[in-house]
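Chain and residue survey
Okay, here's what each chain looks like letter by letter:
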Amino acid sequence: MPDDHAADSAAPPDHAPPSDPPLRVPLRFEDWLTVLTLGALACITLANVIVRYLTAESFAWTEEISIFLLIVLTLSASSSAFVRLLHIRIELLADGGGPARRRRFALAAGAVSLLFFAGLTVLLGRMALDEYNWGDTSPAIGVPTWWYSMWLPVLSAVITLRLAGILRRAWGQAA
């Protein structure tokens, strides 16, 4: 009896992600940051689990680093998700209707997202500056908290720039 599954495995899957749109700045930065952050997070968590299992103690200080890495992971992956149109959206509205309607929704969603992340960049920058000025330190490690928070406005600014590029491309599409 022939193997019916052999022919199926040669065909490309129907759910393959679309290729990246043409960009001036490739998504390699965000992709590598996401991969490295996830790897570091996995290693720290695994080390904490092993130490806790073998010694009944915990690396409590790793929680601070893990929380920071989770935030970095969220922001870096969000940047590439926006560009690849893999972010959370209501596809019935975003992909439905004619080209003019899709363009209007893309412009509206892009503008709202751009305003949100521009505001978030400003607020995160102010937060990092306040932590620097006040000399806040982390509770477990005792390092200045601005060491963690100074990267958040930078990553938020990257998302803002990516969204500006998306909005510019959507604006340039034929109506």
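Residues numbered from 1 in each chain as written. Predicted model: local features only at pLDDT ≥ 70, side-chain atom pairs only at ≥ 80, totals over all residues. Heavy atoms only, no water.

1. Structural notes on the overall build of the chain
Convention followed: Put simply, DSSP H or I for four residues or longer makes a helix, DSSP E for two residues or longer makes a strand, and each gets a number counted from the N terminus. Each residue gets one of three labels from its accessible area relative to the maximum for its type: buried under 20%, exposed over 50%, partly exposed in between, using a 1.4 Å probe on protein chains only. Note on definitions: a residue-residue contact is assigned when non-hydrogen atoms from the two residues lie within 4.5 Å. Accessible surface area values rest on a Shrake-Rupley calculation with a 1.4 Å probe, where residue burial reflects the displayed protein chains alone.
When its secondary structure is counted, the chain shows seven helices and zero strands. The helix and strand sequence of the chain, counted from the amino end, reads α-α-α-α-α-α-α. With 175 residues in all, the chain has 29% of them scored as buried. If you take every contact in the chain between residues at least 6 apart in sequence, the share linking residues at least 24 apart comes to 72%. Surface summary for the chain: the accessible area is close to 12,100 Å², and the carbon and sulfur share equals 70%.

2. So, the environment of isoleucine 166
With respect to the secondary-structure elements, isoleucine 166 resides in helix 7 (residues 151–172). Residue isoleucine 166 is classed as buried on the basis of its relative accessible area of 17%. Not counting residues up to four positions away in its chain, the partners in contact with isoleucine 166 are Phe82 and Val83.

3. A short note on the packing of helix 5 (residues 99–134) against helix 7
Inclusion rule: Every angle, taken between N-to-C directions, lies between 0 and 180 degrees, and every axis is a line fitted to C-alpha atoms, over only the stretch in contact when it is a helix. Oblique is the label for every angle not falling under 35 degrees (roughly parallel), over 145 degrees (roughly antiparallel), or within 65 to 115 degrees (roughly perpendicular). Note on convention: the crossing is left-handed when the near helix lies turned anticlockwise from the far helix by less than a right angle, right-handed when the turn is clockwise. In this count, Pro and Cys sit with the nonpolar residues alongside Ala, Val, Leu, Ile, Met, Phe, Trp and Tyr, while Asp, Glu, Lys and Arg are called charged and the others, Gly among them, polar.
Axis separation between helix 5 and helix 7 bottoms out at 8 Å; the angle between their running directions is 160 degrees. Considering the angle they form, helix 5 stands roughly antiparallel to helix 7. The handedness of the crossing between helix 5 and helix 7 comes out as left-handed. Across the contact of helix 5 with helix 7, the residue classes break down as 18 nonpolar, six polar and one charged.

4. Thoughts on the nonpolar core
Formally: Nonpolar cores are built from buried Ala, Val, Leu, Ile, Met, Phe, Trp, Tyr and Cys residues. Side-chain atoms within 4.5 Å join them into one set.
Grouped together as the largest cluster of nonpolar side chains are 22 residues, with contacts concentrated most on Phe68, Leu75, Phe82, Phe117, Ile159, Leu163 and Ile166. Residue contacts for phenylalanine 68: discarding those within four places in its chain leaves Tyr148 and Trp151.

5. Comments concerning the packing of aromatic side chains
We apply this condition: Think of it this way: a Phe, Tyr or Trp ring, Trp meaning its six-membered ring, pairs with another when their centres are within 6.5 Å, and the plane angle makes it stacked under 30 degrees, edge-to-face over 60, tilted otherwise.
By the definition in use, this model includes five aromatic pairs. Their ring planes at 85 degrees and their centres at 5.8 Å tell us that phenylalanine 82 and phenylalanine 117 sit as a pair that is edge-to-face. Residue phenylalanine 82 is found in helix 3 (residues 62–83), and its partner phenylalanine 117 is found in helix 5; the two are separated by 35 residues along the sequence. Residue classification places phenylalanine 82 among the buried positions, given a relative accessible area of 14%. Ring geometry for tyrosine 132 versus tryptophan 146: centroids 5.2 Å apart, planes at 85 degrees, classification edge-to-face. Remark: tryptophan 146 occurs in helix 6 (residues 146–149) and tyrosine 132 occurs in helix 5; sequence separation between them is 14 residues. On the accessibility criterion, tryptophan 146 (25% relative accessible area) is partly exposed. Pairwise contacts between aromatic rings join Phe82, Phe116 and Phe117 into one cluster.

6. Considering the pattern of salt bridges
Heads up, the condition is: By definition, a salt bridge exists where a carboxyl oxygen of Asp or Glu is found within 4 Å of a side-chain nitrogen of Lys or Arg.
Counted according to the given criterion, the structure contains two salt bridges. Between glutamate 30 and arginine 162 there is a salt bridge, with its nearest N and O atoms 2.8 Å apart. Of this pair, glutamate 30 sits in helix 2 (residues 28–55) while arginine 162 sits in helix 7, placing them 132 residues apart in sequence. Taking the relative accessible area as the measure of exposure, glutamate 30 reaches 2% and is therefore buried. When the shortest N-O distance is used, the salt bridge between aspartate 31 and arginine 84 registers 2.7 Å. Residue aspartate 31 is located in helix 2, and its partner arginine 84 is located in the loop between helix 3 and helix 4 (91–94); the two are separated by 53 residues in the primary sequence. Owing to a relative accessible area of 26%, aspartate 31 belongs among the partly exposed residues under this scheme.

7. Things to note about helix 5
As a reminder, the rule being used: Take the number of residues in a helix, subtract one, and multiply by 1.5 Å to get its expected span.
An ideal rise of 1.5 Å per residue puts 52 Å on 36 residues; helix 5 measures up with 52 Å between its terminal C-alpha atoms. Buried within helix 5 we find Arg103, Leu107, Gly110, Ser113, Leu114, Phe117, Thr121, Leu124, Ala128 and Glu131. Buried positions along helix 5 lie against helix 3, helix 6 and helix 7. Remark: glycine 135 follows helix 5 within two positions and exhibits a positive phi of approximately 70 degrees.

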